[in-house]
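Chain by chain, the residues run as shown.
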Amino acid sequence: MCRVILSIFLILSFAYPYDIDELLDEAIKEVESERSEKYYKLALKLFNEGVYRQAIKNGEIFLSKNEKDYKKINDIIFLLGISYYKLGQTKKLFDLFIKYVNSDNVSLDTRKKLFIYSNNLFIRKKEWKRLKIIRKKGKYLFKNKKFLWKLRGKFSNFDPMVNIFKLKEGNIIGENQIFITDRNFTLIEIAKKLDMGYDELKIANPHIDPFDILKGEAVFIPRKRLLPYQDFEFGTLYINLSEKRLYYPLIIDGDPYVITFPVGIGTDNAKTPIGEFKITQKKENPEWIVPKSIREEDPSLPPVVPPGPDNPLGVRAMRLGYTDYLLHGTSKRFGIGMQVSHGCIRMYNKDVVRLFEIVPKGTKVVISEKRYKIFKNKNVYVEIFELRKEDKKTIKSLLKGREVYITSHLIDFYNKEKRGFAFPLN
């Protein structure tokens, strides 16, 4: 193909002799572009297959030949950072971070991920000098911004950029953050500390051992999200089972906000129902009337469990329609952000109290199971949680309708490495 292109331009040069230099320049650029695209696709394919050394080789060649394609450069830098991390190549990872830590051509989220891989690898390898340098260079990446806006009254006990956000670009909230541990942690402990769900932290940090996080290691906190629907209604509760998260968009003091909390949902054998409901009942310190099916599983349970620390409904409960399904707190130490219940929706006690105070009886609740979201605002944004094989074809078709073209290799890469948070495709 390259020879054909050059041959055509050489033939044209005889017809237009005064433009030969310009024509040759164009021919060389096209050949280089074709080669560059080959290295890009091959790097993604090899990475997805776990052939990291060859993925690195092709990714490095791509970077050496391409300085202008912002989107592909981000993909390859991200790919190289993960590959160096997985192979323990500390020098290459250090050099990559130093080169791009302040680059406007690299997205802020990619820089944050590079910091996390570098920070954690240098801690594990005990390379304290390099750790000190990247901490100093990347300090701005893990210093969370101070937010000037404050809410009054019943909204004053919400935490800005944790469980209440200003709405941006129609249906986007939040910014992704970095959490630096001050002791040894598990991911379950971090999730509770940061008002997150376990699964959403786990999928956003695929290269972290959830039960062995050392003091000083960094964790990616996925707070940049899309609402489950582009055409949403203010004052309606939305729960997306795939991400195990609740959204409540509201107009507060004339401005659009979104309150959001992680939730626990039903298991595969006792699924949380999908559909539209209304809050028909609200109870403080509810007693638990044990369903017959659960008593058959555990005959030691009494017919009714009174309010208190042993009550699995926690401190507040709200009924969904005229069903047995509840949105409630929990006395259990884990389970938020997981599939653990018999179909009810669980929340941390501190969260359900805050939600209970602002959600009136009669509020509409929409429960869906969106494995991915694709919306067009200023940019086309994608958010992935769990893709099935048939989803890839649908995603390519949806993006094509928005004039964004994407390969199956890139979708596979995103499904492995960019799950759980919103990111732009253009």
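Residues numbered from 1 in each chain as written. Predicted model: local features only at pLDDT ≥ 70, side-chain atom pairs only at ≥ 80, totals over all residues. Heavy atoms only, no water.

Enquirer: Please explain the overall build of the protein chain as it appears in this structure.
Expert: Counting its regular elements, the protein chain contains 14 helices and 20 strands. For the C-alpha atoms alone, the extent of the protein chain along its principal axes is close to 90 × 50 × 45 Å. By residue count, 51% of the 426 residues in the protein chain fall in the buried class. In the protein chain, the share of contacts with a sequence separation of at least 24, taken over all contacts with a separation of at least 6, comes to 66%. (Helix = DSSP H or I, 4+ residues; strand = E, 2+ residues; numbered from the N terminus. Buried < 20%, exposed > 50% of the residue type's maximum accessible area, 1.4 Å probe, protein only. Contact = heavy atoms within 4.5 Å.)

Enquirer: Can you walk me through the pairing of strand S6 (residues 237-240) in this structure?
Expert: A regular strand places its side chains on the two faces of the sheet in alternate fashion. On S6, burial covers both faces: Leu237 and Ile239 on one face and Tyr238 and Asn240 on the other are all buried. As defined by bridge partners, S6 adjoins strand S17 (residues 364-368) across four bridges and the pair is classed as parallel. Of the residues in S17, the one forming a bridge with Tyr238 is Val366. In this sheet, strand S7 (residues 245-252) lies alongside S6 in antiparallel orientation, the contact comprising three bridges. Paired with Asn240 across the strands is Arg245, a residue of S7. Where S6 folds back on S7, the antiparallel hairpin that results is connected by four residues, among which Lys244 adopts a positive phi of roughly 55°. (Pairing = 2+ DSSP bridges.)

Enquirer: Would you mind showing me how to read the pattern of salt bridges here?
Expert: Any two side chains of opposite charge can pair if their charged atoms end up close together. Scanning the model with the defined rule gives 28 salt bridges in all. Its salt-bridge partner being Lys244, residue Asp199 comes within 3.2 Å of it at the nearest N-O pair. Of the two residues, Asp199 sits in helix H10 (residues 198-204) while Lys244 sits in the loop between S6 and S7, which places them 45 residues apart along the sequence. Judged by its relative accessible area of 22%, Asp199 is partly exposed. Residue Arg371 is joined to Asp391 by a salt bridge in which the shortest nitrogen-to-oxygen separation is 2.8 Å. (Salt bridge = Lys/Arg side-chain N within 4 Å of Asp/Glu carboxyl O.)

Enquirer: I would appreciate a short explanation of the packing of aromatic side chains in the present structure.
Expert: Describing an aromatic ring pair means giving the distance of the ring centres and the angle of the ring planes. This model, assessed by the stated rule, comprises 18 aromatic pairs. Here a set of aromatic residues connected by ring pairs shows up, and it is made of Phe47, Tyr52, Phe78, Tyr85, Tyr117, Phe220, Phe413, Tyr414, Phe421 and Phe423. When the ring centre of Tyr40 is taken as reference, the NZ or CZ atom of Lys72 above it lies at 5.2 Å. Sitting over the face of the ring of Phe220, Lys113 holds its NZ or CZ atom 4.3 Å from the ring centroid. (Phe/Tyr/Trp six-rings, centres within 6.5 Å; stacked < 30°, edge-to-face > 60°. Lys NZ or Arg CZ within 6 Å of the ring centre and 35° of its normal.)

Enquirer: What is the right way to read helix H14 (residues 408-417) from this model?
Expert: Because each turn of an α-helix spans 3.6 residues, side chains separated by three or four positions end up pointing in the same direction. By the burial criterion, the buried members of H14 are Leu410, Ile411, Phe413, Tyr414 and Glu417. Looking straight down H14, one finds that the buried residues subtend no more than 160° of arc, so they occupy a single side. (Arc of directions from axis to C-beta.)

Enquirer: What is the right way to read the sheet that holds strand S20 (residues 423-424) from this model?
Expert: The strands that make up a sheet pair up through hydrogen bonds in the backbone, lying either parallel or antiparallel. If you walk across this open sheet you meet the three strands as S18-S19-S20, and the pairing is antiparallel. In the strand order of this sheet, the two ends are held by strand S18 (372-376) and S20, each with one partner. In the sheet, strand S19 (residues 380-384) pairs with S20 via two bridges, with the strands oriented antiparallel. Pairing of Val382 across the sheet is with Phe423, part of S20.

Enquirer: Even after reading the chapter, I still don't get the packing of helix H4 (residues 70-87) against H14, so can you show me in this structure?
Expert: A pair of packed helices is characterised by two quantities: the angle between their axes and the separation of those axes. Direction vectors running N to C along H4 and H14 enclose 50°, while the axes themselves pass 12 Å from each other. Judged by the inter-axis angle, H4 sits oblique to H14. Crossing hand, H4 versus H14: left-handed. Side by side, H4 and H14 meet where Lys71, Asp75, Phe78, Leu79 and Ile82 of the first sit next to Leu410, Phe413, Tyr414 and Glu417 of the second. Looking at side-chain class alone, the contact of H4 with H14 contains six nonpolar, no polar and three charged residues. (Axes fitted to C-alpha atoms, helices over the stretch in contact; angles between N-to-C directions. Parallel < 35°, antiparallel > 145°, perpendicular 65-115°, else oblique. Left-handed = near helix turned anticlockwise from the far one by under 90°. Nonpolar A, V, L, I, M, F, W, Y, C, P; charged D, E, K, R; others polar.)

Enquirer: What is the right way to look at helix H5 (residues 90-100) in this model?
Expert: Buried within H5 we find Thr90, Leu93, Phe94, Leu96, Phe97 and Tyr100. What you see down the axis of H5 is that its buried residues fit within an arc of 165°, all on one side. Looking at H5, the residues exposed on the side facing more than 90 degrees away from the buried face are Lys91 and Lys99. The secondary structure elements touched by the buried residues of H5 are helix H3 (52-65), H4, helix H6 (108-125), helix H7 (128-137) and helix H8 (139-142).

Enquirer: Would you take a moment to explain the nonpolar core for this structure?
Expert: Looking at soluble globular proteins, one finds that nonpolar side chains tend to be buried together. Residues Phe115 and Leu399 are the most contacted members of the largest nonpolar core, which totals 59 residues. In terms of residue count, the dominant contributor to this core is H4 (nine residues). Other than its neighbours up to four places away in sequence, Leu399 contacts Ile374, Val380, Val382, Val404, Ile406 and Leu425. Membership of the second largest hydrophobic core comes to 31 residues, among which are Trp149, Ile239, Leu246 and Ile358. (Core = buried A, V, L, I, M, F, W, Y, C linked by side-chain atoms within 4.5 Å.)

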